[in-house]
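# Remarks on the overall topology
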Amino acid sequence: NKESQMKQLLETLTSCGYDPHFVQTKQEALDLAKTFIKDEMRIGLGGSVTVGEIGLMDELLNNQNITLYNQYEAGISMDENIKRRKQGILSDLYITGTNAITKNGELINVDGSGNRVAALIFGPNKVLVVVGINKIVDTLEDGFKRVMEVSAIKNIDRMNNKAIEMGKEPKHNLDTIANKFTYINGDDKDRISIIIVNEELGYQTQS
């Protein structure tokens, strides 16, 4: 049953060195995520629809007691955007989603510029990953299939629409957005905390 499958997944994730948590709702995910955020922290961000959906992005933007390296701030220059992405890689806490997670405990991601996958692998002292149950897949192959058929395609639409909104040219395509693939099957103990939410979050399979 689903309960024993989740128990098995949490045990597998723990054996990989991760610090996994399972919560029922977006609100519980937000409450738990807030416990990772301490005053004076420098916090980096990886592009994540899920982080926005649980209300964590608003929480970070309204927190005056942290330094948030927010590369998504409207009106900043490309140089400033790149600078903030680099600062995020050296942050105390990096907050992101993941494109897929396998039952063997592998985190699968694809990235355009690479700052998100770089930070997941090395750099920030601590990484917090928020993920909906719809991102759980059986195998590595299923994970990469999900990444290409769901995450990348929908991300292209999102980023091109954003570009149009900002008066820029919509030039994102698979070549620019899906050229750095990673899978992680373990890390230093408890460096990566994972909050799995018992809801469908982020990009869904059905459009």
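Note that the structure is predicted; figures quoted are calculated from it, not measured.

### Considerations on the packing of aromatic side chains
Under the counting rule described, the total for this entry stands at 1 aromatic pair. Ring geometry for Phe-144 and Phe-181: centres 5.9 Å apart, planes at 65 degrees, overall edge-to-face. One end of the pair, Phe-144, is in helix H7 (residues 140-165); the other, Phe-181, is in strand E9 (residues 180-184), and 37 residues separate them in sequence. Overall, the relative accessible area of 25% leaves Phe-144 in the partly exposed class.

### Here we look at the sheet that holds strand E4 (residues 93-96)
Spatially, the 6 strands line up as an open sheet ordered E1-E10-E7-E4-E2-E3, and their pairing is parallel. Each edge of the open sheet is held by one strand with a lone partner, namely strand E1 (19-23) and strand E3 (67-69). This sheet shows a mean twist of 20 degrees between the axes of neighbouring strands, independent of strand direction. Direction of pairing for E1 relative to strand E10 (residues 192-197): parallel, over a ladder of 5 bridges. For Asp-19, the partnering residue across the bridge sits in E10 and is Ser-193. Helix H1 (residues 2-15) rests against E1 and E10 of the sheet, and its axis sits at about 160 degrees to E1. Running over the sheet, helix H2 (residues 26-34) touches E1, strand E7 (126-132) and E10 and is turned about 160 degrees from E10.

### With respect to the sheet that holds strand E8 (residues 136-137)
Taken in spatial order, the 4 strands make up an open sheet running E8-E5-E6-E9, and their pairing is mixed. A strand with exactly one partner marks an edge of an open sheet, and here the two such strands are E8 and E9. Across 2 bridges, strand E5 (residues 100-102) lies against strand E6 (residues 107-111) in antiparallel orientation. Looking across to E6, one finds that Ala-100 is bridged to Ile-108.

### Regarding the nonpolar core
With 24 residues, the main nonpolar core has Ile-37, Ile-43, Leu-56, Leu-60, Leu-93, Ile-95 and Ile-195 as its most contacted residues. Secondary structure elements with two or more residues in this core: H2, strand E2 (42-45), helix H4 (56-61), E4, E7 and E10. The element contributing the most residues to this core is H2, with 4 residues. If near-sequence neighbours (up to four positions away) are discounted, Ile-195 is found in contact with His-21, Val-23, Ala-29, Leu-32, Ala-33, Phe-36, Leu-128, Val-129, Val-130 and Val-131. By size, the runner-up hydrophobic cluster in this structure holds 17 residues, among which are Leu-9, Cys-16, Leu-120 and Val-131.

### A word on H1
Under the 1.5 Å per step criterion, the end-to-end length of H1 is 20 Å for 14 residues, consistent within 8% with the ideal 20 Å. Taken as a whole, H1 has its buried residues at Met-6, Leu-9, Thr-12 and Leu-13. Take H1 and look down its axis: the buried residues cluster within an arc of 120 degrees, on one side only. Within H1, the exposed residues directed more than 90 degrees away from the buried face are Glu-3, Lys-7 and Ser-15. Buried residues belonging to H1 abut E1, E5, E8 and E10. Just downstream of H1 lies Gly-17, where phi reads positive at about 100 degrees.

Here is what the cut-offs are and how they apply
Residues numbered from 1 in each chain as written. Predicted model: local features only at pLDDT ≥ 70, side-chain atom pairs only at ≥ 80, totals over all residues. Heavy atoms only, no water. Phe/Tyr/Trp six-rings, centres within 6.5 Å; stacked < 30°, edge-to-face > 60°. Helix = DSSP H or I, 4+ residues; strand = E, 2+ residues; numbered from the N terminus. Buried < 20%, exposed > 50% of the residue type's maximum accessible area, 1.4 Å probe, protein only. Pairing = 2+ DSSP bridges. Axes fitted to C-alpha atoms, helices over the stretch in contact; angles between N-to-C directions. Contact = heavy atoms within 4.5 Å. Core = buried A, V, L, I, M, F, W, Y, C linked by side-chain atoms within 4.5 Å. Expected span 1.5 Å × (residues − 1). Arc of directions from axis to C-beta.

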